[in-house]
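The residues making up each chain are set out below.
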Amino acid sequence: MNRTKGDEEEYWNSSKFKAFTFDDEDDELSQLKESKRAVNSLRDFVDDEDDDDLERVSWSGEPVGSISWSIKETAGNSGSSQEGREQLKSRNSFSTYTQLPKPTSTYSLSSFFRGRTRPGSFQSLSDALSDAPAKSYAPELGRPKGEYRDYSNDWSPSDTVRRLRKGKVCSLERFRSLQDKLQLLEEAVSMHDGNVITAVLIFLKRTLSKEILFRELEVRQVALRHLIHFLKEIGDQKLLLDLFRFLDRTEELALSHYREHLNIQDPEKRKEFLKTCVGLPFSAEDSAHIQDHYTLLERQIIIEANDRHLESAGQTEIFRKHPRKASILNMPLVTTLFYSCFYHYTEAEIPDKQYVLTALAARAKLRAWHDVDALFTTKNWLGYTKKRAPIGFHRVVEILHKNSAPVQILQEYVNLVEDVDTKLNLATKFKCHDVVIDTCRDLKDRQQLLAYRSKVDKGSAEEEKIDAILNSSVSSYSLLLQ
Amino acid sequence: MAAHLSYGRVNLNVLREAVRRELREFLDKCAGSKAIVWDEYLTGPFGLIAQYSLLKEHEVEKMFTLKGSRLPAADVKNIIFFVRPRLELMDIIAENVLSEDRRGPTRDFHILFVPRRSLLCEQRLKDLGVLGSFIHREEYSLDLIPFDGDLLSMESEGAFKECYLESDQTSLYHAAKGLMTLQALYGTIPQIFGKGECARQVANMMIRMKREFTGSQNSIFPVFDNLLLLDRNVDLLTPLATQLTYEGLIDEIYGIQNSYVKLPPEKFAPKKQGDGGKDLPTEAKKLQLNSAEELYAEIRDKNFNAVGSVLSKRAKVISAAFEERHNAKTVGEIKQFVSQLPHMQAARGSLANHTSIAELIKDVTTSEDFFDKLTVEQEFMSGVDTDKVNSYIEDCIAQKHPLIKVLRLVCLQSVCNSGLKQKVLDYYKREILQTYGYEHILTLYNLEKAGLLKPQTGGRNNYPTIRKTLRLWMDDVNEQNPTDISYVYSGYAPLSVRLAQLLSRPGWRSIEEVLRILPGPHFEERQPLPTGLQKKRQPGENRVTLIFFLGGVTFAEIAALRFLSQLEDGG
């Protein structure tokens, strides 16, 4: 997936489907290719005929006449809508919709449930599910811009909830006592309808003191969860925090407070806000992360001010050569590390895995091979140097390759890979011929060497080298082969 | 367009017609010319049940997408908003209405909530001072949308999040309502099975709704024999793994939305002579995918490795058919050939499209990284090294691969190990936060809350028991001619579908122990039928089971279910 844009284009434009091999059936593939060509050539033969019989599909794939297609059409043609509509009419005659048999079914969702009630009225399923379908109620809903009010004052909590569920607006105000209100809530919860539960909660929130509301909800978990969701939805952060505090749900309280930093754009203000998060009761692990988050932003602010200054002054070479792509503010830690290794490289850091990976990528990008070398060089007390990579040299090679390091450099690190198979694979993959040849030689693997000979250029130094090895050691190889 | 809905065992066109009828009824209530303002999200689902022509027949002259500030000019009597019940949309509607009021001649405003009216939203409209402007405020319960001959969807993307993260069970209520609608059209379903907390609740609601609805007995002969309700959280493993069927991979790579997929246009450029490849379209190519397309119906559920041979065979057949033209000598023969042309042309177009899509997918699946990812997934699913830090995941983080990929793998490991060791979990967390940003503390917290990522408690890993009992991992999998559902993930048999399979034969009693390990209760309910409606089963007749996933399903799972159903039909 590391294909570059150019590679991609080359791939799409080439007529060879090398990458497209359906497993071992290469011949099938070429047939597929042929068939594709055959199929395409048939266009000459049939192309200019109209596709009248087929469903018309616009380029974007929307069948002509579909809803999303029509939105564009009718909105776009608002000037010449008559014409547009005429067009539509003619086009629609081709769309398959009109070819459908006329609806013969007389089923309708509502008619099923409606039972004996008035035909033609638009009632939803829930209406019909009421246990008193014949109850007469004034059609107060849908009164032209009229007032909504109750037509009866003696509905019990369960009647009221049922009405709410049917989408009828009705006043809850007459439930004055706490007992009535709670009964209302319990009725709503037993219906499982979040919409109604929320409606009752809104009413309770408005008419009960915070303390009582919280106390009663603590023993009603379903309603409590709905309240939390509702408060999040409407963004009543203050009440939400109060609630968590009351419930002693400290971790949620802390996280919910922390979440707010995402809404703060100004870096200084965000930093100050994060500072207020540091002491909050997160889990032990998260506490450390939050502290790190604060420290990181604090440093980023310093770096950003400093570097913006350096960059605009234009005196520093690194910024002139490699202008910054974006501000470092609010970037993840590793990105910041990369940035620092790129613009402010010092060797004072501790070589832990993450650091090595990041520093390696940054220095390789700058083609600072000397730094790369230093990253992996350790000295023992006698002064001998030794190469060591905490991340494994196979990964070093991959990263160097990704940053298009030259073959000489790659070769050096491929050679440091300990596992012979991995080394051979990597060397083959990145065309480090010398490493492949030497490894084969050491393994005394004549077959593989012969096979590799076909992969190097004719008459090249590599070929000569292979030939030399093959010839010089005929006797020992032949021994092996017997 | 809708013919494919009637091919299945249950004619879903009945449902489609019912929903369309209800839409017409609403439109007719707002007499006179109309403009519809669409919550853009809804155009997808609505497109599956109606086309513009239907709306036009009911005097819908203009359609707009819902946007801030003022509405485009429209000379109509009614303006109808089709919206989901979302607070942020209410704000936009209010803005539209207020600026329209200033504009001059008064219009009639209406609002249609899909799938449900929301008192919270109406409260918001009231607060914004526009509630009184609406003449009709109604709801359109587009609960279950027919997708294919054997597939219905609620298109409710947020259901899993709502149920398991926010503990808001409104979507379960919609599910229950949708199932009541279905029973109204197709008869009472005599047996309900279920597994999981949400399944239990939906069943309870259904039973309660049935009890409350004493209006008239449902006198329709039942089409479905069984209903199986499955909680998504009973099987969190399956959606984390990479789907390997053709349709599944299209979804993994490009994403299928309301049965449509958007593809990079380069591959689909019209090849006309002398065109020289210029003017390449830049807009994504959009294709509809369903079983109405013969070729797609054949390959959608196959393992991707088996798609190539089908395409190639199909190409030969089509080429041969076109070659026929050389043999057509007499006028009669030519006439016959020409009469078949449209069909052949469609087949050719379909073949060309799917060849292109297959090439796009192949490009991804042959990449080294895809292979590495798959290897790690399969190791986890077969129970290898799930208890330590995985070096491929480490590499992905170090190279800053998309976070979603990293999280899927980490969660997969967690699920396959019944939770990660605290040390391993902390390590992953730290790496992720340092590389992708500390604010993902919130992301990780949410994953833990939903149970996708967790520390191992009690030090026991139940996954091996589950895997062995349910035979979730099959070593010898035949991708070309499958004999078991495990072909859809090239080795892993989706847990959810295995449960469905075992339910039909030999029954869940044989796996009581595993059912107890999986979260939530399992249960069986019977809905008594009047004697006249009871089925007299013919020997050898197959049962029709409706399987309802609460919280979403993958295309690979659907493929596995279709495979099972074919096995049943075959014997």
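Rules used throughout
- Residues numbered from 1 in each chain as written.
- Chains lettered and ligands numbered in written order.
- Predicted model: local features only at pLDDT ≥ 70, side-chain atom pairs only at ≥ 80, totals over all residues.
- Heavy atoms only, no water.
- Helix = DSSP H or I, 4+ residues; strand = E, 2+ residues; numbered from the N terminus.
- Buried < 20%, exposed > 50% of the residue type's maximum accessible area, 1.4 Å probe, protein only.
- Contact = heavy atoms within 4.5 Å.
- Arc of directions from axis to C-beta.
- Polar contact = N/O pair within 3.5 Å; in protein donor to acceptor, adjacent residues only side chain to side chain.
- Phe/Tyr/Trp six-rings, centres within 6.5 Å; stacked < 30°, edge-to-face > 60°.
- Lys NZ or Arg CZ within 6 Å of the ring centre and 35° of its normal.
- Pairing = 2+ DSSP bridges.
- UniProt positions renumbered as here; feature names shortened; annotations may be inferred.
- pLDDT = per-residue confidence, 0-100.
- Core = buried A, V, L, I, M, F, W, Y, C linked by side-chain atoms within 4.5 Å.

As for the side chain of Glu-216 of chain A
All names here are of chain A.
Then, in step 1: Inspection of the secondary structure assignment puts Glu-216 in helix H10 (residues 210-218).
Then, in step 2: On the basis of relative accessible area, Glu-216 is assigned to the buried category, the value being 13%.
Then, in step 3: Not counting residues up to four positions away in its chain, the partners in contact with Glu-216 are Leu-178 and Leu-182.

Points about helix H24 (residues 446-453) of chain A
All names here are of chain A.
Then, in step 1: Listing the buried residues of H24 in full gives Arg-446, Leu-449 and Tyr-452. Looking straight down H24, one finds its buried side chains confined to an arc of 125°; they lie on one side.
Then, in step 2: With a side-chain oxygen lying 3.4 Å from the backbone nitrogen of Gln-447, the N-terminal cap of H24 falls on Asp-445.

Quick notes on the packing of aromatic side chains
Then, in step 1: Applying the stated criterion to the full structure yields 22 aromatic pairs over all chains.
Then, in step 2: Taken together through their ring pairs, the aromatic side chains of Phe-319, Phe-338, Tyr-339, Phe-342 and Tyr-343 of chain A make up a single cluster.
Then, in step 3: The residue whose ring lies beneath Arg-174 of chain A is Phe-175 of chain A, and the NZ or CZ to ring-centre distance is 4.6 Å.
Then, in step 4: Taking NZ or CZ as reference, Lys-286 of chain B lies 4.9 Å from the ring centre of Tyr-260 of chain B, over its face.

So, the pairing of strand S3 (residues 78-83) of chain B
All names here are of chain B.
Then, in step 1: Extensive coverage of S3 is indicated by the burial of six of its six residues.
Then, in step 2: Of the pairings in the sheet, the one linking S3 to strand S4 (residues 108-113) comprises six bridges and is parallel in character. Each bridged residue has a counterpart across the sheet, and for Asn-78 the counterpart in S4 is Asp-108.

Quick notes on the environment of Leu-128 of chain B
Residues and elements named next belong to chain B.
Then, in step 1: Secondary-structure assignment places Leu-128 in the loop between helix H5 (119-127) and strand S5 (134-139).
Then, in step 2: With 103 residues separating them along the chain, Leu-128 and Asp-231 place their C-alpha atoms 39 Å apart.
Then, in step 3: Discounting chain neighbours no more than four positions away, the residues touching Leu-128 are Met-90, Asp-91, Ala-94 and Leu-98.

Some details on the UniProt feature "domain: Vps16 C-terminal" (unreviewed entry) in chain A
Then, in step 1: Here, UniProt's "domain: Vps16 C-terminal" (unreviewed entry) annotation points to residues 177-278 of chain A.
Then, in step 2: With 82% helix and 0% strand, the stretch residues 177-278 of chain A has end C-alpha atoms that lie 43 Å from each other.

Quick word on the confidence of the model for chain B
Detailed reading of predicted coordinates is not advised where the pLDDT is low.
Residues and elements named next belong to chain B.
Then, in step 1: On average, residues of chain B carry a pLDDT of 88, and 94% of them reach 70 or more.
Then, in step 2: Mean pLDDT values for the elements of chain B range from 85 in helix H6 (residues 159-165) up to 97 in helix H16 (residues 403-415).
Then, in step 3: Across residues 272-277, confidence stays below pLDDT 50; counting only partners more than four residues off in sequence or on other chains, it has three contacts.
Then, in step 4: Taken over the whole predicted complex, pTM reads 0.75, whereas the ipTM for its chain interfaces reads 0.78.

Some remarks on the nonpolar core
Then, in step 1: If you look at the biggest cluster of nonpolar residues, it comprises 181 residues, and the most contacted ones within it are Phe-46, Leu-55, Phe-82, Leu-229 and Leu-499 of chain B.
Then, in step 2: Counting residues in hydrophobic clusters, the runner-up holds 60 residues, among them Ala-188, Leu-201 and Phe-203 of chain A together with Ile-111 of chain B.

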